[in-house]
Amino acid sequence: MTPLAITTPAEATGAGLPYPEVGRGTHILDHDALLTGHAEPEWYKANIPFLEVPDREIQDVYYYRWSTYKRHLRYTDTATGHILTEFHNAPGYSAPLGGIVAAAGHHIYEGRWLRDRRPVDDYLRYWLRGHGAGPKPKTDFLNEDTDDWAHQYGFWAADAAYQRSLVTGDTELVKSLLPDLIRQYDKWGHQYDEKLGLYWSVPVWDAMEYTASSYESDPADPYHGGHGYRPTLNAYQYGDAKAIAAIARAQGDTATARRFERRAEELRTALHRWLWDPERQFFYHKARADLDPQQRLVSSREQIGFVPWMFGMADPGTEQAWSQLLDPQGFAAPYGPTTTERRSQWFMHDALRGCCRWNGPSWPFATSQTLTGMANLLNDRDQTVVDNDDYYQVLRGYARSQYKDGRPYVAEAHHPDEPRWIYDGRGHSEHYNHSTYNDLVISGLIGLRPQPGNRLVVNPLAPASWDHFALENVPYRGHNVTVLWDRDGTRYGQGAGLRLYVDGQRIASRPTLGELTAPMPASVPGDGTPAMANDAANPHGSGHPRPFASYTNGIDSVWDTVDGRIYYDDVPHSRWTNYRSPNAQDHLGLDFGVPTEVSDVRFHPYDDGGGVRAPAGYRLEHWDGAAWQEVPGQRRTPQRPAGNALNRITFPALTTTRLRLVFDNPQDAYVGVVELQAWSPSTDDARLTVTPGEQVTTVFTNTAATPATNVRVSLAVPPGWTARPHGPAGAARVRSGGELTVRWTVRPPAGVRPGGYPVRAFARYGSPGRPKRVSSTYEQFAVPLDLAAFPQVDVADAFDADTSASYTAYQPSGGEARPEIAVGDGRFAATGPGPYFALVAGPGPLPDGDAVSVLTAGSFAGHGRPEDSVFVGWVKDASTYVTAWYNHTRQVSGLNVSVNGDLLPLAGDAPLTLKPGDRFALVLTGTAITSYAETGGGWRELRTADLGDTLATAQARQGYRYGFGLRGSSGTIGVDAVEGRRR
């Protein structure tokens, strides 16, 4: 091992790469060797604590789980920044931009140990102030009991935010979020039972459908049912109340602190009174009175009974519950723990017949909670039921479960007794981000215990038999903390015993394993990461910024390069390549749509070691309004393009509407790019919003504690357009919390086609020598759709008579049945007792030139189940169609294009609510399709996509007809009219 050293900032930042600065610390472990096989090692060196333990499986899974966390860090847009995803591809029940709140607490606990604080900072704001806190339909599919995304599932928001602040030392963020945390807490009030003093919840909205408690208390509907009083939400609310009290007390708000301390104690008392069984020595689910008038505790112990210890909620004397964790008839399993005790009649009931039975399988989500609670118990209370070796054995079983084909891997659920994942959907569950692991290693096994105040506490739960372990350079309150255990001093050469270092200096030691406490230096604000915004990000897959390329391989998409997802494998597929291109060079570019200042371009090449490799070379060019010019003054890191790594080009700032990278193909291979970015300086001290309309309104909001001076706002519009402010577009001073509102008249050039066009605002303020900069997200200025611009009517049918003979209904593959179809009396209706799907080709062929297909909404099934949808566009047959879709359950719209059964990758949804009489349209102009909705008397653009050659020629269009579709989980869906027009 190398001797003790100091890590310099230059080493930490990878020779100028845009990662946080590591700073002073130790350099005892071989970081390069530990990162063997991990792409983009610079990210890990800058961000994670390094671990060495004598258990190879625990160690390998540790680095694997950081790679899993990294791949789920997703940059969304300049207003939201990063979120953490659960699945790579967001399912239909996700919040806007793809967040799912179920595991958000786990994400925050795990991410608190990263040096770069900005992603989790963004994520907290997303759930508490941003899209994640926004309104959600109250449907059974999305949780009919709650009306916002942050309450769709249980979430220990305040506890996670507070526990993270103990690691980062950033108390200002949690103090600023306190009103939001209180609002988050209070919004659970509609599920509070004053008689019992407990909150009720539903297993499925604990992320636990098909539980033993739901099978027992609501056998008619074990998926949706089982309403009752559960240890989960009540423990989350207890933890949040304690955290809110601590945050409030830290800022001198004793009244709020006392109020929430009282709430916490009342919940603790009620939990033990109603959910603890003194005879069976466990916390149980109690059914709600509408399911069981006697409100009895269920018969089965479930792993949720350990959740109260996660927040220090369980009273002394309840520790005997933990004997069940080790009991072969309880929760013990070689790949466990199990989610339901083995002696339960519901243990593994139907668990191998389909996904998501949380009645026996080993579930990382619950294992994380159990091990967090177990570490708290071992640290906070003297007891004889479980010990450090028990913690290690359960953690080791958890690590052993996280393998597949001999390599570290995590999916949704594991068989408790066999080395195999049982819920592991292809293109869905891979590298599933729904649990913690590294937090359990850092705060439990190695025992770095975050504390309020100025004490640094380490209490390892590692086995007494271990001769060594090391956790190096843990980011902790702006310092680097290293924990070493070397029984005889021969492993690391730093002396024998347990040793504790801060910023490379030893501050405490002891000869044996056990608790070690030392004074902690004051927190250092910030982490050295500059505030930046990615102007290229577009997770919606439409509008601007818009990627483009000279050639794209058939299974790839340019949109994948701006979707905010960075990982260097093919699970799931997310990249652009020019594979099989006939060209010696190809380009990949960004169309910002409006003049944008750029000075920092980054791209992440894909390299599979075979047919796709890092480019042999490249040029970075910008559009000067007339021609492509190479960007002057480039500084490249690394100098030669590197695959599966971040490549960065910085240069003196220039303003342009388009950029492109021109790649030279490597010998006998092609080029791929995972992500393309354009970063610019930004600030957290101000917010800038744009509201389009007849006049565009920009609002600059000063969120800093001091006034903003010399504020100047500009509105960027497409080339050839004009934007004129009404009054001054600047102010000498905007007070703290104040706003500067500017209204603009925007005029497009004559003859512009209908559609949405990008507008974006920028503001500079502060010192002229070093101004601060803030930008808005993109908004759409609508040039409205006018059907009169398509004067030739090809199809017009209000279904007043039975015209069914003019239509052909196709049944796309997918297992859904063909519905019963009825035509006449003013509607075309489809009905089915179960899932059905019909794509209907009408009487008129798709013409050459521009065309529009229009549907007038009639009735929807309204059952709240996944499919309650209509489609509009052009249909050729069951496997070839070009359509826009609207899902009434989810109230979103998107595009579906299938060619011979292959769906084009047109990701991204637009919010929409259609009512009877509203119209839904798909417009074809050139090679692009654009969907529109007419609601409230006006048309608005929804989604757009360029289809390339799909409908480019008369031959390609042959066989397509104006058409529509109806897809339901059951019930009846009706269409009032269809129309096809051209120009």
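Just so you know, these numbers come straight off a predicted model, no measurement behind them.

The rules behind each value
Residues numbered from 1 in each chain as written. Predicted model: local features only at pLDDT ≥ 70, side-chain atom pairs only at ≥ 80, totals over all residues. Heavy atoms only, no water. Helix = DSSP H or I, 4+ residues; strand = E, 2+ residues; numbered from the N terminus. Rg over C-alpha atoms; globule rule 2.2 N^0.38 Å. Contact = heavy atoms within 4.5 Å. Areas by Shrake-Rupley, 256 points an atom, 1.4 Å probe, with all protein chains shown as cover. Lys, Arg positive; Asp, Glu negative; His and termini not counted. Charge placed at Lys NZ, Arg CZ, Asp CG, Glu CD. Phe/Tyr/Trp six-rings, centres within 6.5 Å; stacked < 30°, edge-to-face > 60°. Buried < 20%, exposed > 50% of the residue type's maximum accessible area, 1.4 Å probe, protein only. Lys NZ or Arg CZ within 6 Å of the ring centre and 35° of its normal. Pairing = 2+ DSSP bridges. Axes fitted to C-alpha atoms, helices over the stretch in contact; angles between N-to-C directions. Core = buried A, V, L, I, M, F, W, Y, C linked by side-chain atoms within 4.5 Å. Salt bridge = Lys/Arg side-chain N within 4 Å of Asp/Glu carboxyl O. Polar contact = N/O pair within 3.5 Å; in protein donor to acceptor, adjacent residues only side chain to side chain. pLDDT = per-residue confidence, 0-100. Expected span 1.5 Å × (residues − 1). Parallel < 35°, antiparallel > 145°, perpendicular 65-115°, else oblique. Left-handed = near helix turned anticlockwise from the far one by under 90°. Nonpolar A, V, L, I, M, F, W, Y, C, P; charged D, E, K, R; others polar.

A.B. asks: Please clarify how the overall build of the chain should be interpreted in this entry.
C.D. replies: A count of helices and strands for the chain gives 17 helices and 55 strands. For 983 residues, the compact-globule estimate of 2.2 N^0.38 gives 30 Å, and the C-alpha radius of gyration of the chain, at 29 Å, lies within 12% of that figure. When the backbone C-alpha atoms are referred to their principal axes, the chain occupies close to 90 × 70 × 60 Å. Restricting to contacts in the chain with at least 6 residues of sequence separation, those with at least 24 account for 67%. By element, 47% of the accessible surface of the chain is carried by carbon and sulfur atoms, the whole surface being about 36300 Å². Looking at charge distribution, the chain has the averaged site of its 94 positive side-chain charges lying 5 Å from that of its 112 negative ones.

A.B. asks: Would you mind going over the packing of aromatic side chains with me for this structure?
C.D. replies: We describe a pair of aromatic rings using the distance from one ring centre to the other and the angle between the two ring planes. Scanning the entire structure with this criterion turns up 54 aromatic pairs. With 6.5 Å between their ring centres and 5° between their planes, Tyr-123 and Tyr-126 make a pair best called stacked. Of the two residues, Tyr-123 and Tyr-126 are both situated in helix α6 (residues 118-128); the distance of 3 residues between them amounts to about one turn of the helix. You'll find Tyr-123 and Tyr-126 in the same group, each marked buried. Centre to centre, the rings of Phe-860 and Tyr-886 are 5.5 Å apart; their planes meet at 70°, and the pair counts as edge-to-face. Residue Phe-860 is found in the loop between β45 (851-859) and β46 (868-877), and its partner Tyr-886 is found in strand β47 (residues 880-887); the two are separated by 26 residues along the sequence. Residue Tyr-886 is classed as buried on the basis of its relative accessible area of 0%. Aromatic rings pair up to connect Trp-276, Phe-282, Phe-283, Tyr-284, Phe-306, Trp-309, Trp-322 and Phe-331 into one cluster. The ring centre of Tyr-606 lies 4.0 Å from the NZ or CZ of Arg-575, which sits over that ring.

A.B. asks: Just checking my understanding: could you explain the sheet that holds strand β34 (residues 722-726) for this structure?
C.D. replies: Either a parallel or an antiparallel arrangement is found when strands of a sheet pair, and the pairing is made through backbone hydrogen bonds. With antiparallel pairing, the 4 strands of this open sheet are ordered in space as β31-β32-β36-β34. Either end of the sheet is taken by a strand with one partner, and the two such strands are β31 (686-691) and β34. Averaged over all pairs of adjacent strands, the angle between their axes in this sheet comes to 25°, without regard to strand direction.

A.B. asks: Teacher, can you tell me more about the nonpolar core here?
C.D. replies: Considering soluble globular proteins, one finds that nonpolar side chains tend to be buried as a cluster. Membership of the largest hydrophobic core comes to 161 residues, with the highest contact counts inside it found for Trp-127, Tyr-391, Leu-395, Leu-445 and Val-481. Filtering out sequence-adjacent residues up to four positions away, Leu-395 remains in contact with Ile-58, Leu-371, Tyr-437, Leu-440, Val-441 and Leu-445.

A.B. asks: Help me understand unusual backbone geometry, please; the structure alone is not making it clear to me.
C.D. replies: Keep in mind that most residues, glycine aside, have a negative phi and that most peptide bonds are trans. Cis peptide bonds are those with omega within 30 degrees of zero, and the linkage from Gly-336 to Pro-337 qualifies with 5°. By the secondary structure assignment, Pro-337 is in the loop between α13 (323-326) and α14 (364-380). Each neighbour pair has its own omega, and for His-544 with Pro-545 the value is 0°, a cis peptide bond. Following the sequence through the fold, Pro-545 ends up in the loop between β21 (532-534) and β22 (546-549). One non-glycine residue with positive phi stands out, namely Tyr-210, at about 55°. With respect to the secondary-structure elements, Tyr-210 resides in the loop between β5 (198-201) and α10 (212-217). For Tyr-210, a relative accessible area of 19% corresponds to the buried category.

A.B. asks: Can you help me understand the pattern of salt bridges in this one?
C.D. replies: Pairing of side chains with opposite charge becomes possible as their charged atoms draw close. Within this structure, the stated rule accounts for 49 salt bridges. Close ionic contact of Asp-180 with Arg-183 constitutes a salt bridge, the shortest N to O distance being 2.7 Å. Taken together, the residues Asp-180 and Arg-183, both in helix α9 (residues 178-186) and 3 residues apart, mark about one turn of the helix. For Arg-183, a relative accessible area of 41% gives the class partly exposed. Arg-967 is the salt-bridge partner of Glu-816, the closest N and O atoms lying 2.8 Å from each other. Of this pair, Glu-816 sits in the loop between β41 (808-810) and β42 (820-824) while Arg-967 sits in strand β54 (residues 961-968), placing them 151 residues apart in sequence.

A.B. asks: Would you take a moment to explain the sheet that holds strand β15 (residues 455-458) for this structure?
C.D. replies: If you walk across this open sheet you meet the 3 strands as β14-β15-β20, and the pairing is antiparallel. Each edge of the open sheet carries a strand with a single partner, namely β14 (448-449) and β20 (516-519). Where β14 lies against β15, 2 bridges are found, and the strand directions are antiparallel. Within the sheet, the bridge partner assigned to Leu-448 lies in β15 and is Val-458.

A.B. asks: What is the right way to look at the environment of Ala-708 in this model?
C.D. replies: Examined against the element boundaries, Ala-708 turns out to sit in strand β33 (residues 708-716). The exposure class of Ala-708 is buried, given its relative accessible area of 1%. A C-alpha to C-alpha distance of 9.7 Å links Ala-708 and Ser-767, two positions 59 residues apart in sequence. Among residues more than four places away in sequence, those in contact with Ala-708 are Phe-700, Asn-702, Ala-732, Arg-733, Val-734 and Tyr-765.

A.B. asks: Would you take a moment to explain the pairing of β20 for this structure?
C.D. replies: One face of the sheet, then the other: side chains in a regular strand alternate in exactly this way. Across the two faces of β20 the burial differs, with Leu-516 and Ala-518 buried and Thr-517 and Pro-519 not buried at all. Summarising the sheet, β15 and β20 pair through 4 bridges and their orientation is antiparallel. If you follow Val-457 over to β20, its bridge partner there is Thr-517.

A.B. asks: Explain the side chain of Asn-578 to me, please; I cannot follow it from the model alone.
C.D. replies: Inspection of the secondary structure assignment puts Asn-578 in the loop between β23 (576-577) and β24 (585-606). Side chain to side chain, Asn-578 and Asn-665 meet in a polar contact 2.9 Å long. Every residue in contact with Asn-578, bar those within four places of it in the chain, is listed here: Tyr-551, Asp-586, Asn-665, Tyr-670 and Val-671.

A.B. asks: So what exactly am I meant to see when it comes to the environment of Pro-652 here?
C.D. replies: Its place among the elements puts Pro-652 in strand β29 (residues 647-664). Judged by relative accessible area, Pro-652 falls into the exposed class, the value being 54%. Beyond its immediate stretch of four places on either side in the chain, Pro-652 contacts Val-598, Pro-632 and Gly-633.

A.B. asks: Looking at this model, I keep getting lost on the side chain of Asp-563. Mind explaining?
C.D. replies: Along the chain, Asp-563 falls in the loop between β22 and β23. Excluding its chain neighbours within four sequence positions, the residues that come into contact with Asp-563 are Arg-74, Tyr-75, Asn-538, Pro-539, Ser-574 and Glu-675.

A.B. asks: Just to check I follow, could you spell out the confidence of the model for the chain for this structure?
C.D. replies: Segments scoring low in pLDDT should not have their predicted coordinates read at a detailed level. Chain-level statistics for the chain give a pLDDT mean of 95 and a share of 98% at 70 or above. Overall, residues 8-16 carries pLDDT values under 50, and its contacts beyond four positions in sequence, including any with other chains, amount to 14 contacts.

A.B. asks: Before we go on, may I ask you to explain helix α5 (residues 104-111) in this structure?
C.D. replies: Three- or four-residue spacings in an α-helix give side chains the same orientation, since the helix completes a turn every 3.6 residues. Where burial is concerned, most of α5 is hidden: 8 out of the 8 residues are buried. When α5 is considered as a whole, its buried residues turn out to be Ala-104, Gly-105, His-106, His-107, Ile-108, Tyr-109, Glu-110 and Gly-111.

A.B. asks: How should the pairing of β5 be read in this particular structure?
C.D. replies: Residue alternation in β5 divides its side chains into two sets, Leu-198 and Trp-200 and Tyr-199 and Ser-201, and both sets are buried. Judged from the 2 bridges that link them, strand β4 (residues 192-193) and β5 form a sheet pairing that is antiparallel. Within β5, the position partnered with Asp-193 by the bridge is Leu-198. Remark: 4 residues form the turn of the hairpin made by β4 and β5, two consecutive strands paired antiparallel; Gly-197 in that turn has positive phi of roughly 75°. Two strands pair when backbone bridges link them, and β5 and strand β6 (residues 228-229) are joined in this way by 2 bridges, in the antiparallel orientation. Looking at β6, one finds that Ser-201 is bridged to Gly-228.

A.B. asks: Is there a simple way to think about helix α15 (residues 388-401) in this case?
C.D. replies: Under the 1.5 Å per step criterion, the end-to-end length of α15 is 20 Å for 14 residues, consistent within 8% with the ideal 20 Å. All of the buried residues in α15 are Asp-390, Tyr-391, Tyr-392, Val-394, Leu-395, Gly-397, Tyr-398, Ala-399 and Ser-401. Backbone nitrogen of Asp-389 and a side-chain oxygen of the N-cap are separated by 3.2 Å at the start of α15; the cap is Asp-387.

A.B. asks: I would appreciate a short explanation of the packing of helix α11 (residues 231-250) against helix α12 (residues 254-274) in the present structure.
C.D. replies: Packed helices, taken two at a time, are described by the angle their axes make and the gap between the axes. At a minimum axis distance of 8 Å, the contact between α11 and α12 shows a crossing angle of 155°. Overall, the two elements α11 and α12 adopt an arrangement that is roughly antiparallel. α11 and α12 meet at a crossing whose hand is left-handed. Contacts between α11 and α12 involve Pro-231, Asn-234, Gln-237, Tyr-238, Ala-241, Lys-242, Ile-244, Ala-245, Ala-248 and Arg-249 on the former and, on the latter, Thr-254, Thr-256, Ala-257, Arg-258, Phe-260, Glu-261, Ala-264, Glu-265, Leu-267, Arg-268 and Leu-271. The residue inventory of the contact of α11 with α12, partitioned by class, reads 11 nonpolar, 4 polar and 6 charged.

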